[in-house]
Amino acid sequence: MKLQGRTAIITGSSRSIGAAVAKRYAREGANVVVNYRSHPELAERVVEDIRAFGGEAFAFGADVSKEEQVEAMVKETVKCYGTVDILVNNAAMDPRKTWYEITAEDWDYIMGVNVRSQFLCAKAVFPYMRQQQYGKIINVSSVTFFTGQKQFLHYVTSKGAIIGFTRALAREVGGHSITVNCITPGAVLTETEYEKVSEETIRESGKFLAKAQCFSRREMAADVEGAFLFLASKDSDFISGQTLNVDGGWIMH
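Reference entry: report on the structure contained in this document. (Residues numbered from 1 in each chain as written. Predicted model: local features only at pLDDT ≥ 70, side-chain atom pairs only at ≥ 80, totals over all residues. Heavy atoms only, no water.)

## Observations regarding the overall build of the chain
Here's step 1: Helices and strands together make up the secondary structure of the chain, namely nine helices and seven strands.
Here's step 2: For a compact globule of 253 residues, the expected C-alpha radius of gyration is about 18 Å, and the chain comes in at 17 Å, within 12% of that figure.
Here's step 3: Overall, the chain is about 45 × 40 × 35 Å in size when its C-alpha atoms are taken along their principal axes.
Here's step 4: Within the chain, residue pairs in contact and separated by at least 24 positions form 75% of the contacts whose partners lie at least 6 positions apart. (Helix = DSSP H or I, 4+ residues; strand = E, 2+ residues; numbered from the N terminus. Rg over C-alpha atoms; globule rule 2.2 N^0.38 Å. Contact = heavy atoms within 4.5 Å.)

Here it is, written out as structure tokens:
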């Protein structure tokens, strides 16, 4: 198992990509902290699934844009498992809105959830990674950084900031054998999409992506798990500051 004995915090992991990664890490031997903000029942279900196959996990509720809550989550993790080896900065919001209707409050909120949270979480785990001279920080951006998607100005801007954050942080912490990398998932079909948009819109998106991607089907959370595992494992110990695009061959760079 590639993550045997490691401890991972995965923000926003009560469902969708985060939940899939949490389960994959646990199957590879990691102790997993399932972070959630507003759905404890979903987070507990992920924990139950992990424990059902013999994995180790617990759920922790924290708004990761709030420094004191991030620090409490990291302290509880260290109390339970001794340290933090892997941080996956996955928590994000992606509201759709015409750009000129976005308020200053909307803008600040998205930047807080999507960008500030990654800074706060990285800062909180850094002392433990520095002490052991080893760590993996994986930030989640989006293919929309490359596409410049309409109706997502604040979201796309936040995802671009994450790529810059990844590169700069990699320079800061590389001397402590800590890697910092970024994944840009494509149009992953998630529970959230079913909640926010109509079945017709989902079908139309599927038709568009079938033509735009190399693979003529929608991306699922399982399609991106392997990239997260690779960047969390020792196989990627000499890779840092990089952005790995996992979108079925939609955008090539």
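Additional details are given in the paragraphs that follow.
## Observations concerning helix 4 (residues 104-132)
Here's step 1: Here helix 4 is 29 residues long and its end C-alpha atoms lie 41 Å apart, about the 42 Å a rise of 1.5 Å per residue gives.
Here's step 2: The sharpest bend along helix 4 reaches about 40° and sits at Gly112.
Here's step 3: One or two positions beyond helix 4, positive phi appears at Gln133, with a value near 55°. (Expected span 1.5 Å × (residues − 1). Bend = angle between axes of the 7 residues up to and from the residue.)

## A few points about the sheet that holds strand 7 (residues 243-246)
Here's step 1: The strand order 3-2-1-4-5-6-7 describes an open sheet built from seven strands, whose pairing is parallel. In this open sheet, the two edge strands, each paired with only one partner strand, are strand 3 (56-61) and strand 7. Averaged over all adjacent pairs, the angle separating strand axes in this sheet is 20°, with direction ignored.
Here's step 2: Bridge analysis of strand 4 (residues 86-89) against strand 5 (residues 135-140) gives four bridges, and the strand direction is parallel. Residue Leu87 lies in a different strand from strand 5, and its bridge partner there is Ile137.
Here's step 3: Docked against the sheet, helix 1 (residues 16-27) engages strand 1 (7-10), strand 2 (31-36), strand 4, strand 5 and strand 6 (178-185), running at close to 175° with respect to strand 1.
Here's step 4: Docked against the sheet, helix 3 (residues 67-81) engages strand 1, strand 2 and strand 3, running at close to 160° with respect to strand 3. (Pairing = 2+ DSSP bridges. Axes fitted to C-alpha atoms, helices over the stretch in contact; angles between N-to-C directions.)

## A closer look at the nonpolar core
A general trend in soluble globular proteins is that nonpolar side chains are found buried together.
Here's step 1: In this structure, Tyr25, Val32 and Phe228 are the most contacted members of the largest nonpolar core, which totals 34 residues.
Here's step 2: Broken down by secondary-structure element, the contributors of at least two residues to this core are strand 1, helix 1, strand 2, helix 2 (40-52), strand 3, strand 4, strand 5 and helix 9 (222-232).
Here's step 3: Broken down by element, the residue count for this core peaks at seven residues, all from helix 1. (Core = buried A, V, L, I, M, F, W, Y, C linked by side-chain atoms within 4.5 Å. Buried < 20%, exposed > 50% of the residue type's maximum accessible area, 1.4 Å probe, protein only.)

## Remarks on the packing of aromatic side chains
Here's step 1: A full pass over the atoms with the stated rule returns five aromatic pairs.
Here's step 2: Measuring from ring centre to ring centre gives 5.9 Å for Phe208 and Trp250, while their planes differ by 75°; the resulting arrangement is edge-to-face. Placement of Phe208 in helix 8 (residues 199-212) and of Trp250 in the segment after strand 7 is noted, with a sequence separation of 42 residues between them.
Here's step 3: Residue classification places Trp250 among the buried positions, given a relative accessible area of 17%. (Phe/Tyr/Trp six-rings, centres within 6.5 Å; stacked < 30°, edge-to-face > 60°.)

## A word on helix 6 (residues 153-173)
Along an α-helix, a turn takes 3.6 residues, which lines up residues three or four apart on a common side.
Here's step 1: Counted at 1.5 Å a residue, the expected span for helix 6 with its 21 residues is 30 Å, and the 30 Å between its end C-alpha atoms agrees.
Here's step 2: By the burial criterion, the buried members of helix 6 are His154, Tyr155, Val156, Ser158, Lys159, Ile162, Ile163, Phe165, Thr166, Leu169, Ala170 and Val173.
Here's step 3: Those residues of helix 6 hidden inside the fold are in contact with helix 4, strand 5, helix 5 (144-147), strand 6 and strand 7.

## Here we look at the pattern of salt bridges
Pairing between side chains of opposite charge can happen when their charged atoms approach one another.
Here's step 1: This structure, assessed with the given rule, holds ten salt bridges.
Here's step 2: The closest approach of N and O atoms between Asp235 and Lys2, which form a salt bridge, is 2.9 Å. Separated by 233 residues along the polypeptide, Asp235 in the loop between helix 9 and strand 7 and Lys2 in the segment before strand 1 bring together distant segments of the chain.
Here's step 3: The partner of Arg6 in a salt bridge is Asp85, and the shortest N-O contact between them spans 3.6 Å. On the criterion of sequence distance, the pair formed by Arg6 in the segment before strand 1 and Asp85 in the loop between helix 3 and strand 4 is long-range, its members being 79 residues apart.
Here's step 4: Take Arg6: its relative accessible area is 23%, and that puts it in the partly exposed class.
Here's step 5: Salt bridges sharing partners connect three or more residues here, namely Arg24, Glu28 and Glu225. (Salt bridge = Lys/Arg side-chain N within 4 Å of Asp/Glu carboxyl O.)

## Regarding the environment of Tyr128
Here's step 1: Tracing the backbone through its elements, the reader meets Tyr128 in helix 4.
Here's step 2: In this structure Tyr128 comes out as partly exposed when scored by relative accessible area, which is 24%.
Here's step 3: Distance in space between the C-alpha atoms of Tyr128 and Glu44 is 26 Å, their sequence separation being 84 residues.

## Thoughts on the packing of helix 1 against helix 2
Here's step 1: Running from N to C, helix 1 and helix 2 cross one another at 25°; their axes reach a closest spacing of 10 Å. The pairing of helix 1 with helix 2 is recorded here as roughly parallel in orientation. Here the hand of the crossing between helix 1 and helix 2 comes out right-handed. Residues Ala19, Ala22, Lys23 and Ala26 of helix 1 pack against Val46, Asp49 and Ile50 of helix 2.
Here's step 2: Looking at side-chain class alone, the contact of helix 1 with helix 2 contains five nonpolar, no polar and two charged residues. (Parallel < 35°, antiparallel > 145°, perpendicular 65-115°, else oblique. Left-handed = near helix turned anticlockwise from the far one by under 90°. Nonpolar A, V, L, I, M, F, W, Y, C, P; charged D, E, K, R; others polar.)

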